[in-house]
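For reference, the chains in residue letters:
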Amino acid sequence: MKKIILALFSLLLLVAAAQASDPTAVALLASVKKKYDLVNDYSARARLVTNVIFIKAPVSQVTVYYRKPDQLLVKNEKGISFIPKGTVHINMNNVLGLTNFEAVLSGTETVDGVLCTVVKIFPLSEEESITRATLYIDPTQLLVRRSVVSTKESGTYSIKMKYGSYSWCGLPSEVAMEFNTRDYKLPKGTTLDYDNGTPKASGLPQKGKVLIQYQAYTLNKGLPASLFR
Amino acid sequence: MMFFEVLRIELFKIFRRPRTFIAFGAIALIILLIQFALKVNGNEFILFFTDSQTDTFEIPFGGILNGYFVCVAVLHIILVHVPLLVALIAGDMIAGEANSGTLRMLATKSVTRTELVLAKFAASAVYVILLLLWMALFALVGSLLLFGANDLVVFKETDLHIISNTDVVWRFIAAFFFAALALIMIAALSVFLSVFAENSLGPIVATVCIVIVFTILQQLKVPVFEQTINPWSFTTHMLGWKGFFYVEKSADGVTIPGSIENPIALVKSGAILLGYITLFISAAVWAFRKKDILS
Amino acid sequence: MTTVLDVKGLTKRFAELTAVDDLSFSVPAGSVYGFLGQNGAGKSTTIRMLLTLISPTAGEITLFGLPLASHRFDILSKVGAIVEKPDLYKYLNGVEHLRIFSRLSGVRPQENKLKDLLNMVGLGARLTSRVGTYSQGMRQRLALACALVNDPDLLILDEPTNGLDPQGIADMRQLILHLSREQGKTIIVSSHLLSEIEMIADQVLIIDKGKKLMEASMQTILQKATALDVQQLPSHRYFLEAYFLSLTGQ
């Protein structure tokens, strides 16, 4: 009996040890955050490409607005775009800005030809919308190349970043985001569709993709809070 | 050739009758009512189509509710309501004259029965075109003035299409042309039925009933009907105007500007409607030439 | 004497009913030709066949020396007709009617000629009133004007005095005689007013149950009528009426 209790206690300690933040991971995250904190706000012209099975949309010209620490808005000024709610998570400060969390290193992985350190983050506060996040960090340039963010309400988002001339402050030149979608199906007869013989879109794996290609950034000029309401 | 003379006379008679203007008034009223309803309840209307996606996407309600969207909503009334208005005039063309006794006055003149039927049908077609122009004025121009312009979102049963602002107007023009073809086919059906009746109520009611029955068959999506009746039913192809708002997308998921999803289907639908027009009018001419005018 | 209308073996069957049975007659040019028969005798059916409203089951119709079946356009441009009760467009006025029917006949008379025509039939004061406001007699007059608008060589008038008052009947009689005697038009008149026919007709055709009973000049008929025992027909003032009734077995 004593042996069993001892074994169980050891297992618990091991788990606890594994769960506790890895100082290396925390230090890496701090270095990356320092770089990303160079930007207080930005507005950027960008191309938005939507690739969702049930949405046929043209390439849109959008404006991305960001205000530290966690306000991000993608706006189509002249047209219509169905912006996934998870685009707020293309802002890395959503994850890097967490204060009450645990982080562990989880090996390495190559992302777009760059060897990245994998850091898993577990927010400890129940009030956080993020339940877990995995960052794939380029340790030499201190850039997040990929992130996988799970949220309470909006599902999981997988985001890949490419960097160009704004890599010095962590701003990407291209963001590719993948997310779960719900089936889109309206009751029969409500839309009186014209049957042109095209196969219907439903019944296939429901993952959506958006691609944001940044064309020009305007940094740290000040943006009003009212813009994000 | 008396055809054009008879056509002029028929158009004169159509537009001298007060009942003709009921249709124009009715269309204007229906459109204004729809515009008012959408102005007041537009977001709820859009929510009906987007409810399943509100957790995943930011729905741009304000942008979606624009003049082009409202115009497409208005054009839906074409299928059920405007055929009645078309039948009111076209169904009266021969049966109404038989009932009032004026048919025998026309038929004793030096105009052939073929010319008479063709001219009456052509006058109905002109009436349809004018009705649609009137509709375009209220539905498109009026909606743009009330709601402004933006990209057009078209909701289908299993997907939605977003068409850029700059790629929309030609589609509406094409859609109106196709709708004219569809309604001219209704006029042809009404004229055909009118040949066999001595009272215009019969052809008018029969036309509307036929449209309603075939629309129900088409929307029920019963497999046996989908394989046999629906591919040839004119109500299936009357919806072809909507096909101009279905865009093709490339492999990377982006719509191709200026494209139409499966344009061959539209050509086929147009050809079928033309075929029905030819069939109904040929049959009307044949029957009218043989008919003893006893009224 | 030339013939305007030649009918040979004209027959019309509707299912089991033979409305017109092997009817043959000729109408001389410039004459007033009375066409008589009881209700249901086949008069209207015959008139409708002459005007191509109904197609014959058998027989031939020749108008102005041309077969009707193959020369319809040429023939009907020279014919004007009132068939039964004249039905007109209630929402149009008199001038508009004449304009329409003249164009349907292939002619485009001047506006003042249309007004003259309306004056001639006694509608000068109601040129621009809608037909919906006309009395039955006024519609009859307008129908006659519509029949005359293309200056036809042959007029076919089915009950032309319907709805007319005594003065109107007298005016119609004078007009028919004027059109025939002064303008040389050939006029076929079908009427129940045998007294009127007696006054204006040169030739008469009497049919019964679709068959010809009698075709003769008015002179011949009057001679035959005077030979009847008038004592047996005290209520009849007119010989034509008496003869008609004797022929049809009444």
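Residues numbered from 1 in each chain as written. Chains lettered and ligands numbered in written order. Predicted model: local features only at pLDDT ≥ 70, side-chain atom pairs only at ≥ 80, totals over all residues.

A.B. asks: Describe the overall build of chain C, with residues and values.
C.D. replies: Helix and strand counts for chain C stand at 9 helices and 10 strands. A compact globule built from 250 residues should have a C-alpha radius of gyration of about 18 Å, and chain C, at 18 Å, falls within 12% of that. Reported as C-alpha extents along the three principal axes, the dimensions of chain C are approximately 55 × 45 × 35 Å. For chain C, with 250 residues in total, the buried portion stands at 46%. Considering only intrachain contacts with a sequence separation of at least 6, the fraction spanning at least 24 residues in chain C is 67%. (Helix = DSSP H or I, 4+ residues; strand = E, 2+ residues; numbered from the N terminus. Rg over C-alpha atoms; globule rule 2.2 N^0.38 Å. Buried ≥ 20, exposed ≤ 12 C-beta atoms within 10 Å, placed from the backbone. Contact = placed C-beta atoms within 7 Å.)

A.B. asks: Before we move on, can you summarise unusual backbone geometry with the specific residues and values?
C.D. replies: Most peptide bonds take the trans form, and the phi angle of most residues other than glycine is negative. Following Lys68 of chain A, the chain continues into Pro69 of chain A via a peptide bond in cis, with omega recorded as 5°. Along the polypeptide, Pro69 of chain A turns up in the loop between strand S3 (60–67) and strand S4 (71–75). If you check the backbone angles, Asn262 of chain B has positive phi at about 50° while not being a glycine. Tracing the sequence through the fold places Asn262 of chain B in the loop between helix H13 (240–243) and helix H14 (263–290).

A.B. asks: Tell me about the pairing of S4 of chain A, and name the residues and values.
C.D. replies: Pairing between S3 of chain A and S4 of chain A: 5 bridges, direction antiparallel. Along S4 of chain A, the bridge assignment pairs Arg67 of chain A with Gln71 of chain A. (Pairing = 2+ DSSP bridges.)

A.B. asks: I'd like a rundown of the packing of helix H4 (residues 67–75) of chain B against helix H8 (residues 113–147) of chain B, residues and numbers included.
C.D. replies: Residues and elements named next belong to chain B. For the pair H4 and H8, interaxial distance at closest approach is 8 Å and the crossing angle is 140°. As the angle between them shows, H4 and H8 are arranged oblique. Considering how the two elements wind past one another, H4 and H8 form a crossing that is right-handed. Facing H4, whose interface residues are Gly67, Val70, Cys71, Val74 and Leu75, H8 presents Ala139, Leu140, Ser143, Leu144, Leu146 and Phe147. Its residues placed into classes, the contact of H4 with H8 shows 9 nonpolar, 2 polar and no charged. (Axes fitted to C-alpha atoms, helices over the stretch in contact; angles between N-to-C directions. Parallel < 35°, antiparallel > 145°, perpendicular 65-115°, else oblique. Left-handed = near helix turned anticlockwise from the far one by under 90°. Nonpolar A, V, L, I, M, F, W, Y, C, P; charged D, E, K, R; others polar.)

A.B. asks: Go over the interface of chain B and chain A, please, and point to the residues and values.
C.D. replies: Facing 44 residues of chain B, the contacting portion of chain A comprises 35 residues. For the side of chain B that touches chain A, a count of residues per class yields 16 nonpolar, 17 polar and 11 charged. Note that strand S5 (residues 83–84) of chain A and strand S1 (residues 57–58) of chain B share 2 bridges and pair antiparallel. By the bridge assignment, Ile83 of chain A is partnered in S1 of chain B with Glu58 of chain B.

A.B. asks: Outline the interface of chain B and chain C, supporting the account with residue identities and numerical values.
C.D. replies: Counting residues at the interface gives 18 residues for chain B and 21 residues for chain C. Element by element, the count of residues in the side of chain B that touches chain C is highest for helix H7 (residues 102–107) of chain B, at 5 residues. Considered class by class, the residues forming the side of chain B that touches chain C number 6 nonpolar, 5 polar and 7 charged.

A.B. asks: Give me the lowdown on H4 of chain B, citing residues and values where you can.
C.D. replies: Burial analysis of H4 of chain B places 9 of its 9 residues in the buried class, the great majority of the element. All buried positions along H4 of chain B are accounted for by Gly67, Tyr68, Phe69, Val70, Cys71, Val72, Ala73, Val74 and Leu75 of chain B.

A.B. asks: Explain helix H8 (residues 218–226) of chain C to me, using residue names and the numbers behind them.
C.D. replies: Two residues of an α-helix separated by three or four positions point the same way, owing to the 3.6 residues in each turn. Residue and element names in this part refer to chain C. Inspection of H8 places Met218, Ile221 and Ala225 among the buried residues, and these make up the whole buried set. An end-on view of H8 places all buried positions within 60° of arc, on one side of the element. Exposed side of H8, more than 90 degrees from the buried face: Gln219 and Thr226 are the residues found there. (Arc of directions from axis to C-beta.)

A.B. asks: How would you explain the sheet that holds strand S1 (residues 41–51) of chain A if you had to name every residue and give the values?
C.D. replies: Neighbouring strands of a sheet are bound in pairs by backbone hydrogen bonds; such pairs are parallel or else antiparallel. Residue and element names in this part refer to chain A. Ordered by their spatial adjacency, 10 strands build an open sheet running S4-S3-S1-S12-S11-S10-S9-S8-S7-S6, and the pairing between neighbours is antiparallel. Both outer strands of the open sheet, S4 and strand S6 (101–111), are each paired with one neighbouring strand and no more. On average, adjacent strands in this sheet sit at an angle of 20° to one another, irrespective of strand direction. Here 7 bridges tie strand S11 (residues 172–180) to strand S12 (residues 207–219), and the two strands are oriented antiparallel to one another. Looking at S12, one finds that Val175 is bridged to Ile212. Where helix H2 (residues 23–36) meets the sheet, it contacts S6, strand S7 (114–123), strand S8 (130–138) and strand S9 (143–151), and its direction lies at approximately 75° from that of S6.

A.B. asks: Explain the packing of helix H2 (residues 18–50) of chain B against H4 of chain B residue by residue, including any values.
C.D. replies: Residue and element names in this part refer to chain B. It is at 10 Å that the axes of H2 and H4 come closest, and there the two elements cross at 130°. Between H2 and H4, the crossing angle belongs to the class labelled oblique. Here H2 and H4 pass one another in a crossing that is right-handed. Note on element contacts: H4 touches H2 through Val70, Ala73 and Val74, opposite Ile31, Ile34, Gln35 and Leu38.

A.B. asks: Got a sec to walk through the environment of Gly258 of chain B? Specific residues and values, please.
C.D. replies: Residues and elements named next belong to chain B. When you line up the elements, Gly258 lands in the loop between H13 and H14. A residue is classified by how many C-beta atoms lie within 10 Å of it, and Gly258, with 12 of them, is exposed. Here the alpha-carbon distance between Gly258 and Ile27, two residues 231 residues apart in the chain, equals 30 Å.

A.B. asks: If you had to explain the sheet that holds strand S2 (residues 152–155) of chain B to someone new, which residues and values would you point to?
C.D. replies: Spatially, the 3 strands line up as an open sheet ordered S2(A)-S3(B)-S2(B), and their pairing is mixed. If you trace the sheet from one side to the other, it starts and ends with strand S2 (55–56) of chain A together with S2 of chain B, each paired once.

A.B. asks: Provide a residue-level description of the nonpolar core, including the pertinent values.
C.D. replies: One finds Leu183, Met185, Ala187, Ala188 and Val191 of chain B together with Ala145 of chain C to be the most contacted residues of the largest nonpolar core, which totals 216 residues. Sorting elements by how many residues they give to this core places helix H9 (residues 169–195) of chain B first, with 18 residues. In this view, Ala187 of chain B contacts Val86, Ala90, Phe121, Ser124, Ala125 and Val128 of chain B; residues no more than four positions away in its chain are not counted. (Core = buried A, V, L, I, M, F, W, Y, C linked by C-beta atoms within 7 Å.)

A.B. asks: Let's hear about the environment of Gln71 of chain A: which residues, and what values?
C.D. replies: All names here are of chain A. By secondary structure assignment, the location of Gln71 is in strand S4. Along the backbone, Gln71 and Gly170 are 99 residues apart, and their C-alpha atoms lie at a distance of 16 Å. In this structure, Gln71 is in contact with Tyr66 and Phe228, ignoring residues within four places of it in sequence.

A.B. asks: Which residues make up the environment of Ser194 of chain B, and what values go with them?
C.D. replies: Mapping Ser194 of chain B onto the fold places it in helix H9. Take Ser194 of chain B: there are 32 C-beta atoms within 10 Å of it, and that puts it in the buried class.

A.B. asks: Explain the arrangement of the chains residue by residue, including any values.
C.D. replies: Out of 2 pairs of chains that touch, the pair holding the most contacts is chains A and B. When C-alpha atoms are compared, chain A and chain C, though not in contact, are closest at a spacing of 40 Å.

A.B. asks: Pulling in residues and values, what's your account of the pairing of strand S4 (residues 58–63) of chain C?
C.D. replies: Residues and elements named next belong to chain C. For strand S1 (residues 3–14) and S4, the ladder comprises 5 bridges, and the chain directions are antiparallel. If you follow Lys8 over to S4, its bridge partner there is Glu60. In the sheet, S4 pairs with strand S5 (residues 66–67) via 2 bridges, with the strands oriented antiparallel. When the bridges of S5 are listed, Thr62 appears paired with Pro67. Taken together, S4 and the strand that follows it, S5, pair antiparallel across an intervening segment of 2 residues, in which Phe64 is found at a positive phi of about 55°.

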